[in-house]
Amino acid sequence: MDLETLVRKMSEIRKYKEFITNSFFSVQQLSVMLDMDHVAIELRDNAIFILMEEDQLFRLYFYAADLASLQQIQNVLPGVKGKPILADIIGRNKQAENIINRLQLYNFHKYSTLIRMKRPGLERRDIEVSPVTLASEDRLDEIMNLLYLEFDINISHLPNRNKLLRALQNNEITLVIQQNEIAGLAYFERLGEKLIYLYQLVVDKRFRGQGIADRLLTHQFNQISEDVICQLWVESNNHFAIHKYEEHHFSPDGLFDSIMMFKGEDNNE
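In this text, all values refer to a predicted model and were calculated from it rather than measured experimentally.

(A) Summary view of the packing of aromatic side chains. On inspection of all chains with the given rule, the structure shows eight aromatic pairs. Both rings, one in tyrosine 187 and one in tyrosine 199, keep their centres 4.7 Å apart while their planes meet at 35°; by these two values the pair is tilted. A residue pair is termed long-range when its members are at least 10 positions apart, and tyrosine 187 in strand 9 (residues 181-192) and tyrosine 199 in strand 10 (residues 195-203) qualify at 12 residues. Considered together, tyrosine 187 and tyrosine 199 belong to a single accessibility category, that of buried residues. The interplanar angle of 55° and the centroid separation of 5.9 Å between the aromatic rings of phenylalanine 221 and phenylalanine 250 together place this pair among those described as tilted. Within this pair, whereas phenylalanine 221 is found in helix 6 (residues 212-223), its partner phenylalanine 250 is found in the loop between helix 7 (239-247) and strand 12 (251-262), the two being separated by 29 residues in sequence. Its relative accessible area of 7% is what places phenylalanine 221 among the buried residues. Take phenylalanine 250: its relative accessible area is 3%, and that puts it in the buried class. Chaining the aromatic ring pairs together yields one cluster made of Phe188, Phe221, Tyr245 and Phe250. Positioned above the aromatic ring of phenylalanine 58, the side-chain terminus of lysine 83 is 5.8 Å from the ring centre. In this structure, arginine 119 is placed above the aromatic ring of phenylalanine 221, and the distance from its NZ or CZ to the ring centre is 3.8 Å.

Shown next, in the form of structure tokens:
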């Protein structure tokens, strides 16, 4: 398959009034994906299915003319073996719920639900916090280990080694170090001049209860101007984390991410 064929097919599908998707890849991203061994792209009648293989799972993306066209997923997934298959369905309206209900007919179940929270630009307050430092590249393996130990890979889009290295080079990760170990880290990804994304915030279990998360958040918000918005995703049932973010002026914006898992016979649930 060539890029022209793929883009043309995608453009045709987008013209349908009831067009649905769970992703919006740019032409540049599609071009790169066509050359990747771990990405499989299936063109079907009025539908495109993209399977992206990660170390321990597959992520499913789709473009379909309507809900009925989505049923062709049943001809694509049974041949995928050995790892869980997950699809993120993001939305705030009835259309997202309709997609979720339809996927449940095709042997998917809801694994988890995330809510998006935003922190509006606020007046900068230079509050003194105990030492928070920029992460260096020599901590890469330690950071990887902490992230993959603390987070559910089926829920969190954890960074691979290359992405994490770029984040370190861009000074996007800050740490609190205790006893020469990482006690906590915050990974703020820059999405634009006026928007940052709290990709990951984690405190090692051994160091919890010391206000480390507050230090990491406060340090970051001391650095940004009042016109910069911050957003994040958090599990809807993680009430402790939601309360913590509310203390730092985050609030839900009404957007949900329902993580759907395919219940194939050979997949781990």
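What follows continues from the structure just given.
(B) Here's a closer look at the packing of helix 1 (residues 3-14) against helix 2 (residues 27-34). Taken N-terminus to C-terminus, the directions of helix 1 and helix 2 make an angle of 130°; their axes are 10 Å apart at the nearest point. As the angle between them shows, helix 1 and helix 2 are arranged oblique. Crossing hand, helix 1 versus helix 2: right-handed. Facing helix 1, whose interface residues are Leu3, Leu6, Val7 and Met10, helix 2 presents Val27, Leu30, Ser31 and Leu34. Broken down by class, the residue content of the contact of helix 1 with helix 2 amounts to seven nonpolar, one polar and no charged.

(C) Structural detail: the pattern of salt bridges. Going through the model one piece at a time under the given rule, you end up with 17 salt bridges. The partner of lysine 205 in a salt bridge is glutamate 150, and the shortest N-O contact between them spans 3.0 Å. With lysine 205 in the loop between strand 10 and helix 6 and glutamate 150 in helix 4 (residues 140-150), this pair connects stretches of sequence that are 55 residues apart. Judged by relative accessible area, which is 53%, lysine 205 ranks as exposed.

(D) Focus on the environment of aspartate 2. Looking at where aspartate 2 falls in the secondary structure, it is placed in the segment before helix 1. Given a relative accessible area of 39%, aspartate 2 falls into the partly exposed group. For the pair aspartate 2 and aspartate 35, spaced 33 residues apart in sequence, the C-alpha separation works out to 9.9 Å. Side-chain polar atoms of aspartate 2 contact the backbone nitrogen of threonine 5, separated by 2.7 Å.

(E) Spotlight on helix 4. Buried within helix 4 are the following residues: Leu140, Ile143, Met144, Leu146, Leu147 and Glu150. Take helix 4 and look down its axis: the buried residues cluster within an arc of 165°, on one side only. With respect to the buried face of helix 4, the exposed residues turned more than 90 degrees away are Asn145 and Leu149. Looking at the buried residues of helix 4, the elements they touch are helix 5 (161-169), strand 8 (173-178), strand 9 and strand 10.

Rules used in this analysis
Residues numbered from 1 in each chain as written. Predicted model: local features only at pLDDT ≥ 70, side-chain atom pairs only at ≥ 80, totals over all residues. Heavy atoms only, no water. Phe/Tyr/Trp six-rings, centres within 6.5 Å; stacked < 30°, edge-to-face > 60°. Helix = DSSP H or I, 4+ residues; strand = E, 2+ residues; numbered from the N terminus. Buried < 20%, exposed > 50% of the residue type's maximum accessible area, 1.4 Å probe, protein only. Lys NZ or Arg CZ within 6 Å of the ring centre and 35° of its normal. Axes fitted to C-alpha atoms, helices over the stretch in contact; angles between N-to-C directions. Parallel < 35°, antiparallel > 145°, perpendicular 65-115°, else oblique. Left-handed = near helix turned anticlockwise from the far one by under 90°. Contact = heavy atoms within 4.5 Å. Nonpolar A, V, L, I, M, F, W, Y, C, P; charged D, E, K, R; others polar. Salt bridge = Lys/Arg side-chain N within 4 Å of Asp/Glu carboxyl O. Polar contact = N/O pair within 3.5 Å; in protein donor to acceptor, adjacent residues only side chain to side chain. Arc of directions from axis to C-beta.

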